[in-house]
Every structure is written in C-alpha cells, then in structure tokens.
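Working through the structure, step by step
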Amino acid sequence: MHEKQLMEKQLVGARAAELVEDGMVVGLGTGSTAYYMIQRLAERVRAGLDIACVATSRQTHELAASLGIRILDVNQVEAIDLTIDGADEIDEHFNAIKGGGGALLREKIVASLSRKVVIIADSTKRVKQLGKFPLPVEIVAFAHKHTLKKFEQAGYPAKIREKDGTLFVTDGGNHIVDLHLGRIDDPEGLAETIDRMTGVVDHGLFIDLVHEVLLAEDGDVRLLKK
Ligand code: 5RP
C-alpha cells in the first residue's frame, strides 16, 4: 500500500469516528480503513462515549472487544443507528463493491439494518464506473466447483478465492468467487442476475444501501451526501 493511501485511511477512519454520538448503536465495518475508525472510536469510549456496537466480522468483533468497545450480538438490537464501513469501490451514485476482505455477507446484513450507512474511502476507491475491482460473490461450499463453472458459462470470468494455499472460508463457512468483469455497465441488472443463481449466498454489490461517503482527497476529508 502506498504511504499516501495509508495516510488517507488513517485520516478518514479517525474522522469517521467523530460521527458517532452518545447512545447510538453503531455498526462497525471490516478492513484496514475501518481499523483506524475503530481505534479512534475506542479512544472516545475510554473518554466516556456511551455506545453499543455490532460487528460485521469476527475480526472486527475481536479487535473492538479487545479495545474495550461494547459489542452486542446483532439479534440483541432492534436497529442500528449508524454503520461505518470501508469499500473497495464506490461510484457517483453511491453504489459500491465490497467484500475485498471477505466479509460482504455480514457487512450487507448490518448495512440493511442501519438507519444510516457511511462509507469511509481513501481517494483510490472513488470510481466513475464499478468493476475494475473484482466483484466478490459468496457461494456455499457444497458444489462450489459447479457454481464456479456456471459463472464462466454465464460469461463472467471467475476465480475462486484462496488463502495460504487452500480455499478461503468466510465467517459463515462459505467460499468466495471473485468475478473479473473489468467494468459493470448495469450494477442493478447484474445484482439481480447473480441473486438468481443457485448456490450464491450474496454478492458484494451494494446498491442503494449507502447514504453518505466520507472521502479522503487532497489531504483533507469531504462528506458527500446523496
Ligand atoms: C471487507 C470490505 C472492506 O470494507 C473493503 O475491502 C475495504 O477494505 P480496506 O479498508 O482495507 O481498503 O468490504 O469485506
């Protein structure tokens, strides 16, 4: 990662933690940008901020809990006031690709339960058109080779994700297929097509789920609203 990108992640992460108010139920995202948000949020909690949080991954749960942030099971909360999460790409309509870290399913569930979703993004994440970043799709382990083949047959170049020489396993016990599409002309249509495929659990296209984007740009941070 370039130093500029790292600095932007730190900047935008820390700034996002300032959006959290006393008494909120907060959804905590996953990834390196979310990491900096969680670090700053933990400082605020130590200084007296009273919040409860739900985590979008085991990794985030462990990190936040280790820093003294109160984590609830998502079934214990009625709703989530604010979720702050990273993204792999975000376009001008606030549609996003997520799941680079493999947490897309819990991220999408938490986003869908949230009154407000803010994406925290370094400047590399803002794109005119989605699709340069491979689109992650979570698939069940059963018959995964056949599901992979169906993506190829549908014309989507697909690669099953591996980690340390074995298949990547998500928090839900599933696998991830990354679709190398190059560009996505119709995100809504593609989302519907993938949703209809048997064996698919969910995909990393976040359509109409994001309300605001906190973007690092030119050494500063801008809050973009729809
Ligand atoms: C994890 C995600 C992350 O939010 C996304 O990959 C961005 O990560 P980072 O902040 O490390 O660039 O969707 O599933």
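Residues numbered from 1 in each chain as written. Predicted model: local features only at pLDDT ≥ 70, side-chain atom pairs only at ≥ 80, totals over all residues.

1. With respect to helix α2 (residues 32–46)
An α-helical segment advances 3.6 residues per turn. Residues three or four places apart therefore align on the same side. Taking 1.5 Å per residue as the helical rise, α2 with its 15 residues ought to reach 21 Å, and the 22 Å between its terminal C-alpha atoms agrees with that figure. Restricting attention to buried positions, one finds in α2 the residues T33, A34, Y36, M37, I38 and L41. Taken together, the buried residues of α2 touch α1 (3–17), β1 (25–28), α3 (58–66), β3 (80–85) and β6 (114–121). Once α2 finishes, G48 follows within two positions and takes phi at roughly 120°, a positive value. (Helix = DSSP H or I, 4+ residues; strand = E, 2+ residues; numbered from the N terminus. Expected span 1.5 Å × (residues − 1). Buried ≥ 20, exposed ≤ 12 C-beta atoms within 10 Å, placed from the backbone. Contact = placed C-beta atoms within 7 Å.)

2. Re the site of the ligand
Near the ligand, the surroundings consist of 18 residues, among which G31, T33, G86, G100 and G101 are the closest. Counting residues per element, the ones that place at least two in the shell around the ligand are α2 and α4 (104–112). If you tally residues by element for the shell around the ligand, the top one is α2, at three residues. Split into classes, the residues belonging to the shell around the ligand amount to four nonpolar, ten polar and four charged. (Near = placed C-beta within 6 Å. Nonpolar A, V, L, I, M, F, W, Y, C, P; charged D, E, K, R; others polar.)

3. Quick word on the pairing of strand β14 (residues 212–217)
Across four bridges, the pairing between β6 and β14 is parallel. Paired with I119 across the two strands is V213, which belongs to β14. Once β14 ends, the chain turns through two residues before running back antiparallel as strand β15 (residues 220–225), passing D218 with a positive phi of about 50°. (Pairing = 2+ DSSP bridges.)

4. Observations regarding the environment of L209
Relative to the assigned elements, L209 resides in the loop between β13 (205–206) and β14. Judged by local crowding, L209 falls into the partly exposed class, with 19 C-beta atoms found within 10 Å. Taking the C-alpha atoms as reference points, L209 and S114, separated by 95 residues in sequence, lie 9.0 Å from one another. Ignoring anything within four residues of it in the chain, the contact list for L209 reads A111, S112 and V117.

5. So, the sheet that holds strand β5 (residues 96–97)
Ordered by their spatial adjacency, three strands build an open sheet running β4-β5-β13, and the pairing between neighbours is antiparallel. Pairing within the sheet leaves two strands with one partner each, and these edge strands are β4 (89–90) and β13.

6. Points about the nonpolar core
Judged by nonpolar contacts, the single largest core of 54 residues is most densely connected at A16, M37, V118, I119, I120, A121 and V213. Here V118 is in contact with A16, L19, L82, I84, H211, E212 and L214, once residues within four sequence places are set aside. (Core = buried A, V, L, I, M, F, W, Y, C linked by C-beta atoms within 7 Å.)

7. Considerations on the pairing of β15
Counting buried residues in β15 gives zero out of six residues, a small share hidden from the surface. For β14 and β15, the ladder comprises six bridges, and the chain directions are antiparallel. Opposite A216, over in β15, you have V221 as the bridge partner.

8. With respect to α3
Where α3 is concerned, the buried positions are T60, H61, L63 and A64. Those residues of α3 that are buried lie in contact with β1, α2 and β2 (52–55). The positive-phi residue at the C-terminal boundary of α3 is G68, with phi of around 90°.

9. So, the packing of α1 against α2
Put simply, α1 and α2 touch, their axes get as near as 7 Å, and they point 45° apart. As summarised for this structure, α1 and α2 are arranged oblique, according to the angle between their axes. Crossing angle aside, the handedness with which α1 passes α2 is right-handed. Facing K9, Q10, V12, G13, A14, A16 and A17 of α1, the residues of α2 in contact are S32, T33, A34, Y35, Y36, M37, R40, L41 and R44. (Axes fitted to C-alpha atoms, helices over the stretch in contact; angles between N-to-C directions. Parallel < 35°, antiparallel > 145°, perpendicular 65-115°, else oblique. Left-handed = near helix turned anticlockwise from the far one by under 90°.)

10. Quick look at the environment of V210
Relative to the helices and strands, V210 is located in the loop between β13 and β14. Put simply, V210 and I90 are 120 residues apart on the chain and 9.4 Å apart in space, counted from C-alpha to C-alpha. Among all residues touching V210, those that are not within four sequence positions of it are F94, A96, V117 and I119.

11. Comments concerning the UniProt feature "active site" (unreviewed entry) in the chain
UniProt records the feature "active site" (unreviewed entry) for E107 in the present numbering. The topology assignment puts E107 in helix α4. (UniProt positions renumbered as here; feature names shortened; annotations may be inferred.)

12. Side note on the sheet that holds strand β12 (residues 200–203)
Taking strand neighbours across the sheet as the criterion, the four strands line up as β8-β11-β7-β12 in an open arrangement whose pairing is antiparallel. Across the chains shown, the open sheet's two edge strands, defined by having one partner strand only, are β8 (158–160) and β12. Here the average twist between neighbouring strands, direction ignored, is 30°. Sheet topology places β8 next to strand β11 (residues 175–179); three bridges connect them, and they run antiparallel. In the strand pairing of β11, K159 is matched with D178. With respect to the sheet, α4 is in contact with β7 (135–139) and β12, its orientation differing from that of β12 by roughly 65°. On top of the sheet, helix α5 (residues 144–153) reaches β7, β8 and β11; it is set at about 160° to β8, its chief contact.

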